[in-house]
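Architecture at a glance
One letter stands for each residue in the lines below.
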Amino acid sequence: MSLHKHSTCGPYGQVVGTGLVALDRIHVDERAPLFEELGGSCGNVLISLAMLGFSVTPLLRLGTDPIGARLERDLRLAGADTRLVWLDHEVRTPVIVELLDIASKDHSFSLVCPHSFERFGGYEPITLRELEPARPAVSACTVFYADRVSDAICDAMEAAAAGGAIVHFEPSEVSDLDLFNRAMSVAHIFKYSVDRLEPEMAEKLRPEAFSIVTAGRSGLEVRHDGATYRCEAMDVDVVQDTCGAGDMVTLGLIDMIIQNDVRTSDSLSLPIVLSGVKSGQRLAAANCAYIGARGLFRERGPEYVRAILAEF
């Protein structure tokens, strides 16, 4: 049985998102965790937008365990509306271990504690039970973000698209081809890494959709209407950790969409997407100087991030 902590009155957010939200535990050179904080691609994007002052409503299914309670609290204290964060006693809230090698700057991820070998909980998507009361929020949002698929998530994406929202789909894998294709059929922005997905996956997109293809240090490409636009990676003076760089690109793009008052998918233009991506690349480059997926926020604060986004 899910537990709902907050009242259901009042308007919902400009951005509604669902997907991976976890507790990140960062281990440097395999020692004890240096620190831990809310993470996961969906988590990083939503909490960052909330910290920048946007109206954000996460649609999540977490555990009733202390970690689930902590993540709900972190989102709420950052400014997110957590009325649609459901805590379920049948769920173990995900924990992701990042193992960072300071010398090589390489990082890897694990769902197992490197010291106790305890296996942590894994991601659990929302179900129709969580989606039904969320439909007013989903249908009224400006941007709907998803980085995973399930029947209920695809239903939510379709409802958001029917309401005029810009559907941003950012999967890390194809776990179910039928659900993946269903999500692709309604996505307006499809962002993926060449290290994780094959280019032909973008063939399922609607004709007017945008593809953003990231390639780490090699930069990225924006593909639209049969044309490809290359965005070279920004120069980086200091690199400690590249984790979260892709999430910063997404943050820059969504920030640009909302700042330019793009309210519907019909108004989404190539100049806005290119400007947003380049703004996000600046954030990604700056974030690499700090440890953790949101080190820039943690060490410098939202006002500093806003200043970078405002650069031309």
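Conventions and cut-offs
- Residues numbered from 1 in each chain as written.
- Predicted model: local features only at pLDDT ≥ 70, side-chain atom pairs only at ≥ 80, totals over all residues.
- Heavy atoms only, no water.
- Phe/Tyr/Trp six-rings, centres within 6.5 Å; stacked < 30°, edge-to-face > 60°.
- Helix = DSSP H or I, 4+ residues; strand = E, 2+ residues; numbered from the N terminus.
- Buried < 20%, exposed > 50% of the residue type's maximum accessible area, 1.4 Å probe, protein only.
- Lys NZ or Arg CZ within 6 Å of the ring centre and 35° of its normal.
- Axes fitted to C-alpha atoms, helices over the stretch in contact; angles between N-to-C directions.
- Parallel < 35°, antiparallel > 145°, perpendicular 65-115°, else oblique.
- Contact = heavy atoms within 4.5 Å.
- Nonpolar A, V, L, I, M, F, W, Y, C, P; charged D, E, K, R; others polar.
- Pairing = 2+ DSSP bridges.
- Core = buried A, V, L, I, M, F, W, Y, C linked by side-chain atoms within 4.5 Å.
- Expected span 1.5 Å × (residues − 1).
- Right-handed = clockwise from strand over helix to strand, strands pointing away.

**Section: the packing of aromatic side chains**
The description of an aromatic ring pair rests on the distance of the ring centres and on the angle between the ring planes. Summed over all chains, the structure comprises 4 aromatic pairs. Each ring, one from Phe-169 and one from Phe-180, has its centre 5.7 Å from the other, and the planes form 50°; the classification is tilted. Of this pair, Phe-169 sits in strand E11 (residues 166–169) while Phe-180 is found in helix H6 (residues 177–184), placing the two residues 11 residues apart along the sequence. Judged by relative accessible area, Phe-169 falls into the buried class, the value being 0%. An aromatic cluster is defined as three or more aromatic residues linked by ring pairs; in this entry it consists of Phe-169, Phe-180, Phe-190 and Tyr-192. One Lys or Arg, Arg-148, reaches over the ring of Tyr-123 and ends 5.7 Å from the middle of that ring.

**Details of the packing of helix H5 (residues 151–162) against H6**
Between H5 and H6, the least distance of the axes is 9 Å, while the angle of their chain directions is 10°. Between H5 and H6, the angle is such that the two are roughly parallel. The residues of H6 that touch H5, namely those facing Asp-151, Cys-154, Asp-155, Met-157 and Glu-158, are Leu-179, Arg-182 and Ala-183. When grouped by side-chain class, the residues that make up the contact of H5 with H6 number 4 nonpolar, no polar and 4 charged.

**Examining the sheet that holds strand E5 (residues 56–58)**
Spatially, E5-E2-E10-E11-E12-E13-E14-E15 is the arrangement adopted by the 8 strands of the open sheet, whose pairing is mixed. Each edge of the sheet is formed by a strand with only one pairing partner; in this case those strands are E5 and strand E15 (227–231). Each adjacent strand pair in this sheet contributes to an overall mean axis angle of 15°, direction not counted. Where strand E2 (residues 15–18) and E5 come together, 3 bridges link them in parallel fashion. In the sheet register, Val-16 faces E5, and the bridge partner there is Thr-57.

**Remarks on the nonpolar core**
The biggest cluster of nonpolar side chains holds 60 residues, and the ones touching the most others in it are Val-222, Ile-257 and Leu-268. Residues Ala-161, Phe-169, Phe-180 and Tyr-192 belong to the second largest nonpolar core, which totals 37 residues.

**A word on H5**
If you check H5, its first and last C-alpha atoms are 17 Å apart, about what 12 residues at 1.5 Å a residue would give, namely 16 Å. Restricting attention to buried positions, one finds in H5 the residues Ala-152, Ile-153, Cys-154, Ala-156, Met-157, Ala-159, Ala-160 and Ala-161. If you follow the buried residues of H5, they end up packed against E2, helix H3 (128–131), helix H4 (135–140), strand E10 (143–146), E11 and H6. Directly beyond the C-terminal end of H5, a positive phi value near 95° is found at Gly-164.

**Re the pairing of E10**
The alternating pattern of E10 places Val-143 and Tyr-145 on one face and Phe-144 and Ala-146 on the opposite face, and all of these are buried. With 4 bridges joining them, E2 and E10 adopt parallel strand pairing. Along E10, the bridge assignment pairs Thr-18 with Ala-146. In terms of strand pairing, E10 meets E11 through 4 bridges, oriented parallel. Across the sheet, residue Ala-146 finds its bridge partner in E11, namely Phe-169. Handedness of the β-α-β unit built from E10, H5 and E11 comes out right-handed.

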